[in-house]
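Here is how the chains run, residue by residue.
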Amino acid sequence: MDIRIGVSETPKEITIELSDDTDLKKLKKDIDTALSGEVSLFWLTDTKGRQVGVPTNKIAYVDIGAAGSGNPVGFS
């Protein structure tokens, strides 16, 4: 599952590949909690174990992709 996070005042977005077995309901709840101002950094861990922290006051949007919906390479 891919998650893209838009960061205000930055033209780039953060794209993180999460495990396909990520609990979507828990992820959304964690995002809601982070955006409510209860925490200052929202942490995610990608499929390779890399941890990414995003300042919650800079999150412009969150786009959650479906499981296995990565960007395919090549032609069909």
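Our subject is the structure that appears above.
Residues numbered from 1 in each chain as written. Predicted model: local features only at pLDDT ≥ 70, side-chain atom pairs only at ≥ 80, totals over all residues. Heavy atoms only, no water.

So, about the sheet that holds strand β5 (residues 59-64). With antiparallel pairing, the 3 strands of this open sheet are ordered in space as β2-β1-β5. Looking along the sheet, the strands with just one partner apiece sit at the ends: β2 (13-17) and β5. Neighbour-to-neighbour, the strand axes of this sheet turn through a mean angle of 15°, independent of strand direction. In the sheet, strand β1 (residues 2-7) pairs with β2 via 5 bridges, with the strands oriented antiparallel. For G6, the partnering residue across the bridge sits in β2 and is E13. Along the sheet, helix α1 (residues 24-35) makes contact with β1 and β5, crossing β5 at roughly 175°. (Pairing = 2+ DSSP bridges. Helix = DSSP H or I, 4+ residues; strand = E, 2+ residues; numbered from the N terminus. Axes fitted to C-alpha atoms, helices over the stretch in contact; angles between N-to-C directions. Contact = heavy atoms within 4.5 Å.)

Below, the discussion takes up α1. For α1, built from 12 residues, the straight-helix expectation of 16 Å at 1.5 Å per residue is met to within 8% by its first-to-last C-alpha distance of 16 Å. Along α1, the residues classified as buried are L27, I31 and A34. For α1, the angular spread of the buried residues around the axis is 65°, confining them to a single face. Along α1, the residues that are exposed and aim more than 90 degrees away from the buried face are K25, K29 and D32. Of the surrounding secondary structure, the elements contacted by the buried residues of α1 are β1, β3 (41-45) and β5. Between the side-chain oxygen at the start of α1 and the backbone nitrogen of K25 there is a gap of 3.2 Å, and the oxygen is on D23. (Expected span 1.5 Å × (residues − 1). Buried < 20%, exposed > 50% of the residue type's maximum accessible area, 1.4 Å probe, protein only. Arc of directions from axis to C-beta. Polar contact = N/O pair within 3.5 Å; in protein donor to acceptor, adjacent residues only side chain to side chain.)

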